[in-house]
Amino acid sequence: MITKIIEVNGTEFRLTLTDQVVNHVNNLKSLYNAAYEDPESFEEVSAEISSTINDIATAVDPEPSDSDLDGLIQEIIKVVDNKAAEMEKELEGKPDKPVTKKQKSKK
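Because the structure is a prediction, the values reported are computed rather than measured. (Residues numbered from 1 in each chain as written. Predicted model: local features only at pLDDT ≥ 70, side-chain atom pairs only at ≥ 80, totals over all residues. Heavy atoms only, no water.)

Draft legend 1. Structural context of the nonpolar core. Core analysis: the biggest nonpolar cluster contains 24 residues, and Ile6, Leu15, Val25, Leu28, Leu72, Ile73 and Ile76 have the highest contact counts within it. Only strand S1 (2–8), strand S2 (11–17), helix H1 (19–37), helix H2 (42–57) and helix H3 (66–93) provide two or more residues apiece to this core. Counting residues per element, this core draws most heavily on H3, at seven residues. If we skip the residues at most four places from it in the chain, Ile6 touches Thr11, Glu12, Phe13, Leu15, Leu72, Glu75, Ile76 and Val79. (Core = buried A, V, L, I, M, F, W, Y, C linked by side-chain atoms within 4.5 Å. Buried < 20%, exposed > 50% of the residue type's maximum accessible area, 1.4 Å probe, protein only. Helix = DSSP H or I, 4+ residues; strand = E, 2+ residues; numbered from the N terminus. Contact = heavy atoms within 4.5 Å.)

Draft legend 2. The arrangement of the pairing of S1 in detail. Across seven bridges, S1 lies against S2 in antiparallel orientation. Directly across from Thr3, in S2, lies its bridge partner Thr16. Connecting S1 to the antiparallel partner S2 that follows it, the hairpin turn spans two residues, and Asn9 within it adopts a positive phi of roughly 50 degrees. (Pairing = 2+ DSSP bridges.)

Draft legend 3. Geometry of a negative patch on the surface. Judged by side-chain charge, Glu37, Asp38, Glu40, Glu43 and Glu44 come together as a negatively charged surface patch. Mapped onto the secondary structure, Glu40 falls in the loop between H1 and H2. Judged by its relative accessible area of 73%, Glu40 falls in the exposed class. (Patch = residues over 30% accessible without salt bridge, like charges linked within 9 Å, V, L, I, M, F, W, Y side chains within 5 Å. Areas by Shrake-Rupley, 256 points an atom, 1.4 Å probe, with all protein chains shown as cover. Salt bridge = Lys/Arg side-chain N within 4 Å of Asp/Glu carboxyl O. Lys, Arg positive; Asp, Glu negative; His and termini not counted. Charge placed at Lys NZ, Arg CZ, Asp CG, Glu CD.)

Draft legend 4. Local environment of the side chain of Asp68. Topologically, Asp68 is positioned in helix H3. Here Asp68 is buried and forms no salt bridge, its nearest opposite-charge partner Arg14 lying at an N-O distance of 13 Å. In this structure the side chain of Asp68 is engaged in a polar contact, spanning 2.7 Å, whose partner is the side chain of Asn9. Setting aside residues up to four positions removed in sequence, Asp68 forms contacts with Val8, Asn9, Thr11 and Phe13. (Polar contact = N/O pair within 3.5 Å; in protein donor to acceptor, adjacent residues only side chain to side chain.)

Draft legend 5. Quick look at the environment of Asn26. Within the fold, Asn26 resides in helix H1. Expressed as a C-alpha distance, the spacing of Asn26 and Asp81, which sit 55 residues apart in the sequence, is 9.2 Å.

Draft legend 6. Fine view of H2. Between its terminal C-alpha atoms H2 stretches 21 Å, which fits the 22 Å expected from 16 residues at 1.5 Å a residue. Regarding H2, the residues found buried are Val45, Ile49, Thr52, Ile53, Ile56 and Ala57. Structurally, H2 contributes buried residues whose contacts are with H1, strand S3 (60–61) and H3. (Expected span 1.5 Å × (residues − 1).)

Draft legend 7. Structural view of unusual backbone geometry. Look at the link from Asp61 to Pro62: it is a cis peptide, with omega at 0 degrees. Topologically, Pro62 is positioned in the loop between S3 and H3. One non-glycine residue, Asn9, lies in positive phi territory at about 50 degrees. By secondary structure assignment, the location of Asn9 is in the loop between S1 and S2.

The values reported here are purely geometric and, on their own, carry no functional implication.
This is how it looks when you write it as structure tokens:
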């Protein structure tokens, strides 16, 4: 678990970044994309979007007010995206298999 401090509208929030929060954020991004790609489906997914936002907000202390929620969710999405980019960059730098010295063949 990672704890991040996020400031929104002059209030500092502590976000506990867990796998569950990351999954909620990724789900929220998928819901946003679905609503964007098919605006007519927005009403269908809006309840799920709201529920997912509330699930994400439970990982934040203190409890955000309605006026802070939009900015807070945007910042949390940035934190999750940045963390994913860091992990991807870290994985790119590591070899897939341990590199071993080739033994010299005897002639």
